[in-house]
Amino acid sequence: MTNFKIKLLYALSVLALLTLGAFPRTQSISDSSTTPAFKEGENSIIFIGHSTALIHLNGTNILTDPNFNNWTVIVHRSREPGIQIEKLPKIGAILISHAHRDHLDRWTMEQLPKETPVLISEGNGDILRDWGFTDVREMNIWNKIAINGIKITAAPAKHSGSRNSAFADFPKALSYIIQGEKTVYFAGDTGLFDELKEIGNYSQIDVALLPIGAYRPRWFMKNHHMGPDDAIQAMTMFGAKEMIPIHWGSFRIAYDGIDEPKDVLIKLVDNGSLKERIHVLENGEKYLFR
Ligand SMILES: [Zn+2]
Ligand SMILES: [Zn+2]
């Protein structure tokens, strides 16, 4: 089959699946209606949903790929965000892995303070400037910056970073290494690829936020999105101490069911040595660093 036919077939099949998109809402397990409180000296991660996480390090809050919208394109949200957007604490930096609409949501960004520093891949900055953001830091792979004493380094990802294409090579998709009192790796969207080993060479990762959803059909998705088995392999490739799965449970954007990636992950590690190192958080649940 030609490349064009494969793309067309895929686009049509995803469209058909997405239009089925009325899924029941479930309740977040925590109280999303209050601003989260952090103890003095606490380092923690709250999983808000999909690829949105609130990383609290050295007293600074870092928000990843913020999406609090009820919709992503034509897909309705299946679970409430773990924190209501108006209850977010002051954010020191926003990290955008790439410009796909489930990771860079316009409605969400319009609710957030425009002076917040936002990191995004080189070539995508104008999207944010057009939305009124005044402190946009365009990053290339292995660029680093410091915010409130936290070092943030852009790292590679095997994915397209472009707003309107799943296939374009530019702008690039990024992942980020976040180094404070603990080191967190935020993978954004990525397939499994060899360069992931460089993450472990760069720094010892305490917790890796790795995507596990939108992984089927496998023959196509494996080049764009990790599945649960890939995430386990990635974690061992770069030697992360612990892992929190992301990119599942809020928007059904591929063939896999809304909870399927999580259920498969839990089965894969059940009774194994990795079980204690993988933390499946519901929306709103907090992970505390040891
Ligand atoms: Zn993407
Ligand atoms: Zn995605």
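Shown above is the structure to which this text applies.
Definitions and cut-offs
Residues numbered from 1 in each chain as written. Chains lettered and ligands numbered in written order. Predicted model: local features only at pLDDT ≥ 70, side-chain atom pairs only at ≥ 80, totals over all residues. Buried ≥ 20, exposed ≤ 12 C-beta atoms within 10 Å, placed from the backbone. Helix = DSSP H or I, 4+ residues; strand = E, 2+ residues; numbered from the N terminus. Contact = placed C-beta atoms within 7 Å. Pairing = 2+ DSSP bridges.

Some details on helix α6 (residues 228-237)
Here comes step 1: Of all the positions in α6, only Pro228, Asp230, Ala231, Ile232, Ala234 and Met235 are classed as buried.
Here comes step 2: In the core, the buried residues of α6 are packed alongside α4 (196-202), β13 (207-211), β14 (242-246) and α7 (260-269).
Here comes step 3: Gly239 occupies a position one or two residues after α6 and carries a positive phi of about 65 degrees.

A word on the pairing of strand β11 (residues 172-179)
Here comes step 1: Most of β11 is tucked away: 8 of the 8 residues are buried.
Here comes step 2: Taking every second residue as pointing to the same face, both faces of β11 are buried, with Lys172, Leu174, Tyr176 and Ile178 on one and Ala173, Ser175, Ile177 and Gln179 on the other.
Here comes step 3: Relative to β11, strand β10 (residues 150-160) runs antiparallel, the two sharing 7 bridges. Within β11, the position partnered with Ala155 by the bridge is Ser175.
Here comes step 4: The pairing of β11 with strand β12 (residues 183-186) spans 4 bridges and is antiparallel.

Focus: unusual backbone geometry
Here comes step 1: Across the junction of Phe170 and Pro171, the peptide omega takes the value -10 degrees, indicating a cis bond.
Here comes step 2: Here the amide bond leading from Arg216 into Pro217 is cis, since omega sits at 0 degrees, within 30 degrees of zero.
Here comes step 3: In this model, Val73 sits at a positive phi of 55 degrees, which is unusual for a non-glycine residue.
Here comes step 4: Inspection of the secondary structure assignment puts Val73 in the loop between β4 (71-72) and β5 (75-76).
Here comes step 5: Unusually for a residue other than glycine, His247 sits at a positive phi of about 65 degrees.
Here comes step 6: Locating His247 in the fold gives a position in the loop between β14 and α7.

Any functional reading would require information that these geometric values do not contain.
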